[in-house]
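# Observations on the three-dimensional arrangement
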Amino acid sequence: MRQTTLAVLSLSAMAALLTGCGGDMVLLNSKGPVAEGQSNLMMTAIYLMLLVVIPSILMALWFGWKYRASNKDADYKPTWAHSTAIEIVVWGIPCIIIAILAYLTWWGSHKYDPYRPLESDKAPVTIQVVAEQFKWIFIYPEQQIATVNEIRFPEKTPVNFKVTSNFTMNSFFIPKLAGQIYAMAGMQTQLHVLADETGVYRGFSSNYSGYGFTQMRFLAHSVTEPEFNSWVEAVKAGKGTSINPEAQQKTVLDAAEFAALKDGDRSKHQIENMLKNAHTPEEKALAEEAERKGPFPTKPYPVTYYSSVESNLFESIINKYMSNYHGADHSAQAGTEHVGAEHATASVEE
């Protein structure tokens, strides 16, 4: 019995440490209706499952104590084989819980569908998200500005994220506001969020995508509407550093500047070995390209503001991966009616 008690206490201590006891349990500390609803669903599912787990643990301990070898008063029924009451309990209760969980899953999947717009009296703010190697690029099509590794939006206002990738498949995640949504090259996914109050929320990549993916971190600032408007005006005027002194201010985010933002995906040691061991023209070209890009980042790319954005840059990023879609070159039609983006969104929704 003493060993059992010690084992239970040890497991309890380990569980407390693994859950970050005393820290910021971000998934249970939501700041928006989407994250709050998802958190409530998760906790409801846990409570329902505990209706089976806790009695099972207690009965296992009680049975072990009651039917121990030293207890001569315990019932001894070597020919016992069946109990209808026990069968009803051990099968009926789990079936009821599974049915409830199935309904909650169906209801929650529709209620918190990332493609479902949020109900609000305020017009949403649209932010186009590009997962780049290894950073996040944010384009504000309505404000005609762009940022790197930082976003700002008004509190209590729906935010419509349109997400794609310019390299491998990735995952866009702001835990306090909503669940993650995948970013995929040649496709556009969507995520709708809303922040209940002002604050700074951590965002990051939750999908391994190479050596530098741990540097794909950004901050999401929920601010008042006047503060948001002031920030937009400051960035457009080339004075974004007056709002965030640690940021860099640049002029225009066009195709050339966008291409220059791509990081290398090899370490310094790997690049040196490639240059040293390159013999054929192809190997030398590959080594020189790796040297030009430089090694993968060891710290996040600095926050950068762009006072203007090339028209339809986001659509052209999607379309360049769909150049052979139906035999057409959509990359040459970036200024047309969002052909690639519409096909990509439709394919995701289906």
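Before any of the text, the structure's been laid out above.
Because the structure is predicted, anything quoted here is derived from the model rather than measured.

Calculation notes
Residues numbered from 1 in each chain as written. Predicted model: local features only at pLDDT ≥ 70, side-chain atom pairs only at ≥ 80, totals over all residues. Heavy atoms only, no water. Helix = DSSP H or I, 4+ residues; strand = E, 2+ residues; numbered from the N terminus. Contact = heavy atoms within 4.5 Å. Areas by Shrake-Rupley, 256 points an atom, 1.4 Å probe, with all protein chains shown as cover. Buried < 20%, exposed > 50% of the residue type's maximum accessible area, 1.4 Å probe, protein only. Pairing = 2+ DSSP bridges. Core = buried A, V, L, I, M, F, W, Y, C linked by side-chain atoms within 4.5 Å. Expected span 1.5 Å × (residues − 1). Arc of directions from axis to C-beta. Polar contact = N/O pair within 3.5 Å; in protein donor to acceptor, adjacent residues only side chain to side chain.

### Overview of the overall build of the protein
Counting its secondary structure elements, the protein contains nine helices and 12 strands. Summarising the internal contacts of the protein: among those between residues at least 6 apart in sequence, 70% fall at separations of at least 24. Element-wise, carbon and sulfur atoms account for 60% of the exposed surface of the protein, whose accessible area totals about 20200 Å².

### What about the pairing of strand E6 (residues 170-173)?
For a regular strand, the rule is simple: side chains alternate between the two faces of the sheet. Side chains Asn170 and Phe172 project from E6 onto one buried face, and the interleaved Ser171 and Phe173 project onto a second face that is buried too. The pairing of E6 with strand E7 (residues 181-183) spans three bridges and is classified as antiparallel. Paired with Asn170 across the bridge in E7 is Ala183.

### Quick look at the nonpolar core
Ranked by size, the top nonpolar core spans 39 residues in total, and within it Ile127, Ile151, Phe161, Phe172 and Ile174 carry the most contacts. Contributing elements (two or more residues each) for this core: strand E1 (125-132), strand E2 (135-140), strand E4 (150-154), strand E5 (159-165), E7, strand E8 (189-193), strand E10 (217-223) and helix H4 (225-236). Residues in contact with Ile127, not counting those within four places in the same chain, are Phe138, Ile139, Tyr140, Ile151, Arg152, Val159, Asn160, Phe161 and Lys162. Listed in part, the 15 residues of the second largest apolar core include Val130, Val148, Leu261 and Met322.

### Structural notes on H4
In a regular helix each residue adds 1.5 Å, so 12 residues correspond to 16 Å; H4 covers 17 Å between its end C-alpha atoms and thus fits that length. When we look at burial in H4, the residues that qualify are Phe228, Trp231, Val232, Ala234 and Val235. The buried side chains of H4 occupy one side of the element, clustering within an arc of 165 degrees when seen end-on. For H4, exposure combined with an orientation more than 90 degrees from the buried face picks out Pro226 and Glu233. Looking one or two residues past H4, Gly238 carries a phi angle of roughly 80 degrees, positive in sign.

### What to know about the side chain of Thr304
Structurally, the position occupied by Thr304 is in strand E12 (residues 304-309). From its side chain, Thr304 meets the backbone oxygen of Pro302 in a polar contact 3.0 Å long. Once residues lying within four places of it in the same chain are set aside, the contact partners of Thr304 are Ala146, Thr147, Val148, Gln248 and Lys250.

### Here's the deal with the pairing of E2
The element E2 is extensively covered by neighbouring structure, given that six of its six residues are classed as buried. The pairing of E1 with E2 spans five bridges and is classified as antiparallel. What sits directly across from Gln128, in E2, is Ile139. Here E1 folds back onto E2 in antiparallel fashion, the turn holding two residues. Bridge count for E2 against strand E3 (residues 145-148) is four bridges, and the pairing is antiparallel.

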